[in-house]
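# Understanding the architecture of this molecule
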Amino acid sequence: MTETLHETFARLATLDRDVVAIAWLSLRVSLSAVAIGLVLGIPLGAFLAVTRFRGRSALVGLLNAFMGLPPVIVGLVLYLVLSRSGPFGSLGLLFTPGAMVAAQAVLATPLVAALTRQVIADAEDHLGEQLRSLGLSAPRRAGVLIHDTRFSLVTTALAAFGRAISEIGAVLVVGGNIDGHTRTMTTAISLETQKGDLSLALALGLVLIGLVVTVNAVAALLRGHAARAYG
Amino acid sequence: MDFPRRSVLTLGLLALLGASPLGAFPASAEPASIVVASTTSTEQSGLFKHILPAFAAKTGITVKVVALGTGQALDAARRGDADVVLVHDRAAEDAFVAQGFAKARFDVMYNDFVLVGPKGDAAGTKGTDITAALRKIAAAKAPFVSRGDRSGTHSAELRSWKEAGIDLAAVKGEWYRDVGQGMGPALNTAFALGAYILADRGTWLAFKNRGDLAILVEGDKRLFNPYGVMLVDPDKHPTVKVKEGQAFIDWLVSPKGQDSIAAYRIGGEQLFFPSAGPVRAP
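Predicted model only: the values in this text are computed from it and were never measured.

Definitions and limits used
All residue numbers refer to positions counted from 1 along the written sequence of the respective chain. Think of it this way: whatever chain is written first is A, whatever ligand is written first is 1, and the rest follow in order. Predicted model: local features are reported for residues with pLDDT of at least 70 only, side-chain atom pairs are reported and counted for 80 or more only, and whole-chain, interface and lining totals are derived from all residues. In this text, helices come from DSSP runs of H or I with a minimum length of four residues, and strands from runs of E with a minimum of two, each type numbered from the N-terminal end. Exposure criterion: with C-beta atoms placed from backbone coordinates, a residue whose C-beta has 20 or more other C-beta atoms within 10 Å is buried, one with 12 or fewer is exposed, and one in between is partly exposed. With C-beta atoms placed from the backbone, a contact is any residue pair whose C-beta atoms sit within 7 Å. When DSSP locates at least two bridges between a pair of strands, those strands are taken to pair. Residue ranges for the domains originate in an automatic or database domain assignment. When residue character is reported, Ala, Val, Leu, Ile, Met, Phe, Trp, Tyr, Cys and Pro are called nonpolar, Asp, Glu, Lys and Arg charged, and the others, Gly included, polar. To estimate how far a helix should extend, the number of its residues minus one is multiplied by 1.5 Å. The term nonpolar core refers to a set of buried Ala, Val, Leu, Ile, Met, Phe, Trp, Tyr and Cys residues connected through C-beta atoms within 7 Å. Along the chain, pLDDT gives the predictor's confidence residue by residue, from 0 to 100. Taking the helix axis as origin, the arc is that swept by the directions to the C-beta atoms. Axis geometry follows a simple rule: fit a line to the C-alpha atoms, using only the stretch in contact for helices, then measure angles between N-to-C directions, giving values from 0 to 180 degrees. Comment on the angle field: the value is read as roughly parallel under 35 degrees, roughly antiparallel over 145, roughly perpendicular from 65 to 115, and oblique elsewhere. In this scheme the handedness of a crossing depends on how the near helix is turned from the far one: anticlockwise by less than a right angle means left-handed, clockwise means right-handed.

## Considerations on the overall build of chain B
Looking only at helices and strands, chain B features twelve helices and twelve strands. Evaluated residue by residue, chain B yields a buried proportion of 44% over its 282 residues. For chain B, the proportion of contacts with a sequence separation of at least 24, taken over those separated by at least 6, is 76%.

## Side note on the overall build of chain A
Within chain A, the regular secondary structure consists of ten helices and zero strands. Oriented by its inertia axes, the alpha-carbon framework of chain A measures out at about 65 × 50 × 30 Å. Taken over 231 residues, chain A has a buried fraction of 46%. The long-range fraction of contacts in chain A, counting pairs at least 24 apart against all pairs at least 6 apart in sequence, stands at 78%.

## Comments concerning the pairing of strand S9 (residues 224–232) of chain B
Each regular strand shows side chains that alternate between the opposite faces of the sheet. Residue and element names in this part refer to chain B. Burial analysis of S9 places seven of its nine residues in the buried class, the great majority of the element. In terms of strand pairing, strand S3 (residues 84–87) meets S9 through four bridges, oriented antiparallel. Paired with Val85 across the two strands is Met230, which belongs to S9. Of the pairings in the sheet, the one linking strand S4 (residues 102–118) to S9 comprises eight bridges and is antiparallel in character.

## Points about the domain arrangement of chain B
Residue and element names in this part refer to chain B. When the domains of chain B are assigned, the result is domain 1 (33–110 + 226–274) and domain 2 (112–223). Between the C-alpha centres of domain 1 and domain 2 the distance comes to 26 Å. Of the residues lining the interface, 18 residues belong to domain 1; the matching set on domain 2 comes to 15 residues. Looking at the side of domain 1 that touches domain 2, the elements with two or more residues in it are helix H2 (40–44) and helix H4 (70–78). Considered class by class, the residues forming the side of domain 1 that touches domain 2 number five nonpolar, eleven polar and two charged.

## A look at helix H1 (residues 2–14) of chain A
With 13 residues, H1(A) should reach 18 Å at 1.5 Å per residue; the first-to-last C-alpha distance of 19 Å fits that figure. Counting buried positions along H1(A) gives zero out of 13 residues, so the element sits mostly on the surface.

## Considerations on the nonpolar core
Generally speaking, soluble globular proteins have nonpolar side chains that are buried together. Grouped together as the largest cluster of nonpolar side chains are 141 residues, with contacts concentrated most on A:Ala103, A:Val174, B:Val84, B:Val85 and B:Ile197. Tallying contributions element by element places helix H5 (residues 97–133) of chain A first for this core, with 18 residues. Of the domains in this structure, domain 1 (33–110 + 226–274) and domain 2 (112–223) of chain B are the two that each give at least three residues to this core. Sequence-distant contacts of A:Val174, that is, excluding residues within four places in its chain, are made with A:Gly75, A:Leu78, A:Tyr79, A:Leu82, A:Leu94, A:Ala99, A:Met100 and A:Ala103.

## A few points about the environment of B:Lys208
Along the chain, the position of B:Lys208 falls in the loop between helix H10 (201–206) and strand S8 (213–217). Sequence spacing of B:Lys208 and B:Ala95 is 113 residues, and the spatial spacing of their C-alpha atoms is 35 Å. Setting aside its immediate chain neighbours within four residues, B:Lys208 contacts A:Lys195, A:Gly196 and A:Asp197.

## A word on unusual backbone geometry
Despite not being glycine, A:Asn177 has its phi angle at roughly 50°, a positive value. Positionally, A:Asn177 belongs in the loop between helix H8 (169–175) and helix H9 (185–194). Positioned with a positive phi, B:Arg150 is a non-glycine residue whose angle comes to about 60°. When you line up the elements, B:Arg150 lands in the loop between strand S5 (144–146) and helix H7 (152–163).

## So, the environment of B:Ala37
Considering the arrangement of structural elements, one finds B:Ala37 in strand S1 (residues 33–39). Sequence separation between B:Ala37 and B:Val85 is 48 residues, and the spatial gap between their C-alpha atoms is 4.8 Å.

## Things to note about the environment of A:Ala164
Residues and elements named next belong to chain A. Structurally, Ala164 is set in helix H7 (residues 150–166). Separated by 81 residues in sequence, Ala164 and Ser83 place their C-alpha atoms 22 Å apart. Setting aside anything within four residues of it in sequence, one finds Ala164 in contact with Ser30, Ala33, Val34, Gln104, Leu107 and Ala108.

## Re the confidence of the model for chain A
Low-pLDDT portions of the prediction should not be read for the details of their coordinates. Taken over all residues, the pLDDT of chain A has a mean of 92, while the share at 70 or more is 99%. Mean pLDDT values over the elements of chain A span from 77, in H1(A), up to 96, in helix H4 (residues 71–82) of chain A.

## As for helix H12 (residues 255–262) of chain B
Residue and element names in this part refer to chain B. Among the residues making up H12, those that are buried are Gly257, Gln258, Ser260 and Ile261. Here the buried residues of H12 occupy an arc of 160° about the axis, which is enough to place them on one side. Structurally, H12 contributes buried residues whose contacts are with helix H3 (47–59), S4, helix H11 (242–253) and strand S12 (273–274).

## Quick look at the packing of H1(A) against helix H10 (residues 198–230) of chain A
Residues and elements named next belong to chain A. The contact between H1 and H10 brings their axes to 8 Å, and the two run at 60°. With respect to each other, H1 and H10 are oriented oblique. Seen from above, H1 lies across H10 with right-handed handedness. Residues Thr4, Glu7, Thr8, Arg11 and Leu12 of H1 pack against Leu198, Ser199, Leu200, Leu202, Ala203 and Leu206 of H10. Within the contact of H1 with H10, the residues separate by chemical class into six nonpolar, three polar and two charged.

Here's what the structure looks like:
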């Protein structure tokens, strides 16, 4: 164990450009997926928070459950859908980074929507009556509340990013772990573990953790800066 | 109200953000490339990393290898998700051709399977006879790890049990661990359990976490492990890249490709032996 750890740190120093390329791909895929998740999830979550209609609570329950969607199932379903023999086979997306973005976006969207709904619903408890008394329509109320809670929503984005970049089940199935093309940090770590090169796998794991910490730190800095500027 | 408008703006910006990295993954503007469905043994042994740069340099074609078990690789090709398959299960390959998914199969290379186990060898399997060794393992109920994943190695293992005259279904017990994983993870498991396992020599030579595992049985001609390559029939799947796929197969079986395969060594040991056309001496 201590020997492996010692080796791990030695390997960290020798990580080459391949690792940088893999980390960069992981980052691009997961950030793209989170961006899509935010664009779809925030309006959906806000809509569910400010409106009342039949079946809404069932929808909310479903959304909350989908936060725990198993990545490998998402991967498998998308694989069948994107396969050349599947309904969207003509897109030629299988075994490409685009397929991995799609898979992670499917994982990120319900998470963003469910967390956003909670955040907006809490804000609505405080401000909803006031906004309604101003005669604002539901979309405008949602807009005001999204703006009011924007700093809390950053945390939602970070949670989605954490879910996206750390999953392996979906990207492995739809990406295929192709060297130099669809190999991400998680699939590379899994491959090195399979090859029995545990110190390299651990070194890659440290890089991945570093990546996640860095993204979170940057987000915290931006949020602090924005909070001071626009309070 | 000014605030909501700004939120809308933010969302729009995010949409752009989402779209721009996506745009950074061009699907069509890429240089010519093919998808090769292959086995974990060729990928995890490092063979592809060794031979592909030479092919890419000569033809400009990028080969994208998806490493699966032989059974899965053939299934992916049946669905049209690969242009070429390179696998090692002769019976399954012949079935693939017979079902019309490929027009022909070409010999590429071979290596052999080895029985790996703890150096202590409690069951006393050491030797050159795989069937005798398996009978001893079953009699001693010594721990044995099976791939259990419909891979070429898994089917070779099942064939060996049959040849040893052992009805696995009848004798299977706690000692027989079916892990359902690739060669590497199965070897990791064998190491952890101090178990016997049938492995392809290529992955074994490249495997780094051997612990006290060692080769116990090798050199039995029943452990011969031939690899074949096939182009998926474009009549079944019109999306198959025939020109590029055929170029890859032609190169693999050409003297250049065969020499490249023969030149791949780990610690001085050759992993795969060319077998296209006349078989060369190892």
